[in-house]
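One letter stands for each residue in the lines below.
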Amino acid sequence: MPDFVWKAAQADAQIVEGRSQAANPAQVMVQLRAQGLTPLQIGESGAMGGKTTLPLLPVKSSHPFGRSKSQGITQADILVMTSELSIMLKAGLSLDNALRVLIGMNAKPAMVVLTQTILDDVKSGVPLSRALSRHSDQFGDFYVNMVRSGEAGGQLSAVLERLFEHLDRLRALRESVVSAAIYPAILLSVALLSLIAMLGFVVPQFETLFKDMGDALPLPTKVIMVIGHAFTDYGLFMALGAVLLAWLVRQWWRSPSGVLWWQARALRLPMVGKLVLKYNLTLFARSLGTLLGNGVPLLTAMHIASQTVGNLNLRQALEGVIPKVKGGGKMVDALQASGVFEPLAVNLIKVGEETGRIGPMLLELARIFNGDVETGIKRSLTLLEPVLILVLGMLIASIIVSIMLGILSVNDLAI
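Computed from a prediction, not measured in an experiment: that's the story for all the values here.

### As for the environment of Gly150
Then, in step 1: Its place among the elements puts Gly150 in helix 6 (residues 140-153).
Then, in step 2: Along the backbone, Gly150 and Gly295 are 145 residues apart, and their C-alpha atoms lie at a distance of 8.7 Å.
Then, in step 3: Sequence-distant contacts of Gly150, that is, excluding residues within four places in its chain, are made with Gln155, Leu156 and Val159.

### Some thoughts on helix 16 (residues 343-355)
Then, in step 1: Taking 1.5 Å of rise per residue, the 13 residues of helix 16 would be expected to cover 18 Å, and the 18 Å separating its terminal C-alpha atoms lies within 8% of that figure.
Then, in step 2: Gly356 occupies a position one or two residues after helix 16 and carries a positive phi of about 75°.

### A few points about the packing of helix 2 (residues 75-90) against helix 7 (residues 156-202)
Then, in step 1: Contact geometry of helix 2 with helix 7 gives a least axis separation of 8 Å together with a crossing angle of 150°. It follows that helix 2 is roughly antiparallel to helix 7 by the angle criterion. Considering only the axes of helix 2 and helix 7, their crossing is left-handed. Counted together, Gln75, Leu79, Thr82, Ser83, Leu85, Ser86, Leu89 and Lys90 of helix 2 and Leu156, Ser157, Leu160, Glu161, Leu163, Phe164, Leu167, Asp168, Arg171 and Arg174 of helix 7 form the full contact between these two elements.

### Quick look at a nonpolar patch on the surface
Then, in step 1: On the surface, Leu269, Met271, Val272, Leu383, Val387, Val391 and Leu395 cluster together to form a nonpolar patch covering roughly 570 Å² of accessible area.
Then, in step 2: For the nonpolar patch, the leading source of residues is helix 17 (residues 358-414), giving four residues.
Then, in step 3: Following the sequence through the fold, Leu269 ends up in the loop between helix 10 (256-268) and helix 11 (272-293).

### Regarding the nonpolar core
Then, in step 1: If you look at the biggest cluster of nonpolar residues, it comprises 66 residues, and the most contacted ones within it are Leu85, Ile118, Leu128, Leu288 and Phe341.
Then, in step 2: Ranked by the residues each element gives to this core, the list is headed by helix 3 (residues 95-105), at seven residues.
Then, in step 3: Sequence-distant contacts of Ile118, that is, excluding residues within four places in its chain, are made with Met81, Leu99, Leu128, Ala131, Leu132, His135 and Phe139.
Then, in step 4: Formed by 10 residues, the second largest nonpolar core is a distinct cluster that contains Leu199, Val203, Phe210 and Ile403.

The rules we used
- Residues numbered from 1 in each chain as written.
- Predicted model: local features only at pLDDT ≥ 70, side-chain atom pairs only at ≥ 80, totals over all residues.
- Heavy atoms only, no water.
- Helix = DSSP H or I, 4+ residues; strand = E, 2+ residues; numbered from the N terminus.
- Contact = heavy atoms within 4.5 Å.
- Expected span 1.5 Å × (residues − 1).
- Axes fitted to C-alpha atoms, helices over the stretch in contact; angles between N-to-C directions.
- Parallel < 35°, antiparallel > 145°, perpendicular 65-115°, else oblique.
- Left-handed = near helix turned anticlockwise from the far one by under 90°.
- Patch = residues over 30% accessible without salt bridge, like charges linked within 9 Å, V, L, I, M, F, W, Y side chains within 5 Å.
- Areas by Shrake-Rupley, 256 points an atom, 1.4 Å probe, with all protein chains shown as cover.
- Salt bridge = Lys/Arg side-chain N within 4 Å of Asp/Glu carboxyl O.
- Core = buried A, V, L, I, M, F, W, Y, C linked by side-chain atoms within 4.5 Å.
- Buried < 20%, exposed > 50% of the residue type's maximum accessible area, 1.4 Å probe, protein only.

Just geometry here; none of it tells us what the structure is for.
Below, the structure written as structure tokens:
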């Protein structure tokens, strides 16, 4: 039988290593658990060195979507912590010992400090949810209420597992949106750089050829030469002006009035508006369905779920639903009156409310919206890419044609 090397956590949170003979890694797991150990890593030991075949928990936290160079705590760190804590609690470790193992496994100082603070609170008798609530910048109301519901039902490990799945889906949705915007951004940057190169370096090369023609030069050529001359003489000032303008626009966009203005306009844009709406409603429906599925009261769940919506105009509309439900109205009627949800969403919520399965129906609605967002992004990119290429080609072609008209005019004068 092959040899396996392993790392495991004892009940007192000490990490131990060892070697066992077994037919497969699963048998090693059975042996370790029979000894009261929690498997962390199991690897096959060969003549050429150890080869990991069953990594259960990383010895050092790794980000499932990229390693952060920042010393601050990121959403990726919280996601990894949630997953690892769920696995260890499910394996039978007590909460304080699981937190000790997390401290020993983590290589990021900020996460070590955060976990140690939470451990100190838990050891002093504070519930985990209250300990997490003292770090609202890292966790937030949604996370804390999910943990509180797990503590109340005695299913903390299962709730943490569902919490990880929920956060991971939201991460995947956000990353799909960001990834979809990368290629158009690169294409637009290349287009701008190409135009700057043509106007700043190529066009001025023809200035000596055209300088004696005066009014005989065609109008398109004159315009291009003036623009090229401006780039040559005032290029630095134009660049500084562009940077200053971009900074001012960025500051305005970050202001409350600026955020409300452009978020309202985003909802009215053709094609893009529907994607923005469905993306935000996906966040709301998934958060609300997850909270309700874990026993969080409806009004509390609606308030927390509305805070996950990034578009402030939509958030205000969804928050306006809460008083109507609190006054005794039906949730589906209040949501329909908000004018935010389309008929399909209203019907699904209505069915869920009538059958007492509103949580699962909201999760199903989130799944549908998520698919619509991904499909819409792909279609938008399919249309946007050739449009950008066509516009870039037309701009460069107009510069070339203008120069060619000037050259033909020189030849006509020579004749």
